[in-house]
Structure formats: structure tokens, C-alpha cells
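Now for the letters of each chain:
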Amino acid sequence: GEIICDGNADTRCSAEAHPENAEDERCNGADDDCDGRVDEDSDALVPVAGAGAVADFWMYAYEASRVDATAEAAGESFARACSSPEVLPWASVDYDTARVACAAAGLSLCTGEQWSLACGAAAFPYGAAYQPNTCNGQDLDADPATPGNQDHAVATGSLARCVRGGVHDLSGNVWEWSLEDLSAEGDGSARALRGGAFGNIAGGLTCGFRLAAPPAAARDNVGFRCCTP
């Protein structure tokens, strides 16, 4: 369409809506449902019951990804974080970039308490005993067609048994930034990474393990996940 006059003082677009072309909204930077808004209500979120001082909250069902991510490429957009299945997670990301990406989606990085509640009281999100190929750690071959054991991130939610309460990949794949401050001085100079990543041994893949990292750390095995504030 084109911009045309609409009365004495207003303008409007001459294009007409074609609802027959509408699709379910996805987090991809496009107006899939043809309602004039982009990426609204497109994130897969899971409700998590609170405990103690933590109220009930919602958490990304999948590790955060970019709006232009696919199953083969992590994308390049910094527009906002998404919670989408079957795409490569947003990795090589520092703490502040992750925090801003969650805020752009109307959410926040998860607190340490929120992350722990979602992962559960058992050693692993799937249970008490380590299962080598359930999540993407050192034992999983991320590319079985290639000789040797390949360790790299896989598409979000692609490991069907690596899930608890509808939240996928809480163990392995990529580390996840949290708001938890692990600095000795309480000045935010070390933030907690949770969940472990590809290449980690079992001890680093547990629900309780915390890795202190400087906010500037942006390795290829570091990602994040968003929660409601």
C-alpha cells in the first residue's frame, strides 16, 4: 500500500488486511498474525511455582535465542530474546547483553532462586542419577554422523528427555546467566552461570552447581534464559 489522506488532518495506509494469510505469531521479527504488532505473545513461557519468598513466576521454556535464529545458525539480531524451539541458542553473550535482551522482551534474567526452583531439588532436572545422553554434556555426541565425539550446542528442546515441568535444557547445552551475585564484595563483579554446557562432566551439569564468571565473559558455551520479574 501507500500512505494516503484520511480526512482533513490524518493519513493512513491504503493496504487492506488479508487475515487468510495470518499465521500464529512467532518470535522472528515479523507480524505473523497480521495484527499490526510484531512478536507479541510469541515466547514459549512455562509457569513455575514459587517457594518461600519467591512468588510464582514464568520462565522461558527454551534457552534464549535470537529472532533470526534457525536450527543451523544462531542468527545476528540483537533486537530481543526469544523462547523458540528447534533453533540454536543465543551464545557468546555477555551478562549485560543478555540482561538487555530479556528486558526488550518485557522480562528479566532469572534470579538464582527462580532458576533453582525450575530445575528442582534432585541432582539433575530429570532425576537423581546422571544419565549420560539425556542432556547435552560431555558424553553426548552432538554430531553422530561425524567420527569422534562432537561437543557443541544443539537446537533448543531437541533432546526430548532433557526437560522438567516443560522447561527444556536446564542441564547442559549452554551455561545460563542469572542475576545471582557471586562476588565476594557484593558488587556484581561475578555473576552465577547455571546448568552447565556441552563438554562439561556430570558434576558441572547439576541443578545446584554455580560457576562464577565476570559479566564480560562471552564464550561460545555461555547463553541465558529469561523469567518474569
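Residues numbered from 1 in each chain as written. Predicted model: local features only at pLDDT ≥ 70, side-chain atom pairs only at ≥ 80, totals over all residues. Heavy atoms only, no water.

**Describing the sheet that holds strand E8 (residues 175-181)**
Right, on to step 1. A sheet is described by the order of its strands in space; here 4 strands give the open sequence E10-E9-E8-E11, paired in mixed fashion. The sheet terminates laterally at strand E10 (210-213) and strand E11 (222-224), the two strands that pair on one side only. Averaged over all adjacent pairs, the angle separating strand axes in this sheet is 50 degrees, with direction ignored.
Right, on to step 2. Both E8 and E11 contribute to a ladder of 3 bridges, which runs parallel. Bridging from a neighbouring strand, Trp177 pairs with Phe224 of E11.
Right, on to step 3. Running at roughly 90 degrees to E8, helix H1 (residues 95-104) makes contact with E8, strand E9 (191-194) and E11 of the sheet. (Pairing = 2+ DSSP bridges. Helix = DSSP H or I, 4+ residues; strand = E, 2+ residues; numbered from the N terminus. Axes fitted to C-alpha atoms, helices over the stretch in contact; angles between N-to-C directions. Contact = heavy atoms within 4.5 Å.)

**With respect to the nonpolar core**
Right, on to step 1. Tyr60, Ala81, Leu109, Trp177, Phe224 and Cys226 are the most contacted members of the largest nonpolar core, which has 21 residues in total.
Right, on to step 2. Core analysis: the second largest hydrophobic core is formed by 14 residues, Val48, Met59, Cys110 and Cys119 among them. (Core = buried A, V, L, I, M, F, W, Y, C linked by side-chain atoms within 4.5 Å. Buried < 20%, exposed > 50% of the residue type's maximum accessible area, 1.4 Å probe, protein only.)

**Comments concerning the state of the cysteines**
Right, on to step 1. Enumeration according to the criterion identifies 5 disulfides in this entry.
Right, on to step 2. A sulfur-sulfur separation of 2.0 Å characterises the disulfide bridge that pairs Cys102 with Cys226. Across the S-S bond of Cys102 and Cys226 the torsion is about -90 degrees, and the bridge reads as left-handed. Of this pair, Cys102 sits in helix H1 while Cys226 is found in strand E12 (residues 226-227), placing the two residues 124 residues apart along the sequence. The pair Cys102 / Cys226 is uniform in exposure class, with both members buried.
Right, on to step 3. Covalently, Cys110 is tied to Cys227 through a disulfide, its sulfur atoms 2.1 Å apart. Given an S-S torsion of about 90 degrees, the disulfide between Cys110 and Cys227 has right-handed geometry. Of this pair, Cys110 sits in the loop between strand E5 (108-109) and helix H2 (112-119) while Cys227 is found in strand E12, placing the two residues 117 residues apart along the sequence. Grouping residues by exposure puts Cys110 and Cys227 together as buried.
Right, on to step 4. In the chain, the bonded cysteines, taken in the order they occur along the sequence, pair up as 1-2, 3-9, 4-10, 5-8, 6-7.
Right, on to step 5. Cys5 forms no disulfide, and the closest cysteine sulfur to it belongs to Cys13, at a distance of 13 Å. (Disulfide = S-S within 2.5 Å.)

**As for the pairing of E9**
Right, on to step 1. Residues of E9 alternate between two faces, with Arg191 and Leu193 on one and Ala192 and Arg194 on the opposite face, all of them buried.
Right, on to step 2. The pairing of E8 with E9 spans 3 bridges and is antiparallel. Bridge assignment links Trp177 to a residue of E9, and that residue is Leu193.
Right, on to step 3. In this sheet, E10 lies alongside E9 in antiparallel orientation, the contact comprising 4 bridges. Bridged to Arg191 within E10 is Ala213.

**Here's the deal with the side chain of Ser83**
Right, on to step 1. Mapping Ser83 onto the fold places it in the loop between strand E4 (57-60) and H1.
Right, on to step 2. Judged by relative accessible area, which is 1%, Ser83 ranks as buried.
Right, on to step 3. In this structure the side chain of Ser83 is engaged in a polar contact, spanning 3.3 Å, whose partner is the backbone nitrogen of Tyr62.
Right, on to step 4. What Ser83 contacts, discounting residues up to four positions off in sequence, is Ser42, Asp43, Ala44, Tyr60, Ala61 and Tyr62. (Polar contact = N/O pair within 3.5 Å; in protein donor to acceptor, adjacent residues only side chain to side chain.)

**With respect to H2**
Right, on to step 1. The complete set of buried residues in H2 reads Gly112, Gln114, Trp115, Ala118 and Cys119. Along the long axis of H2, the arc covered by the buried residues comes to 165 degrees, so they all point the same way. (Arc of directions from axis to C-beta.)

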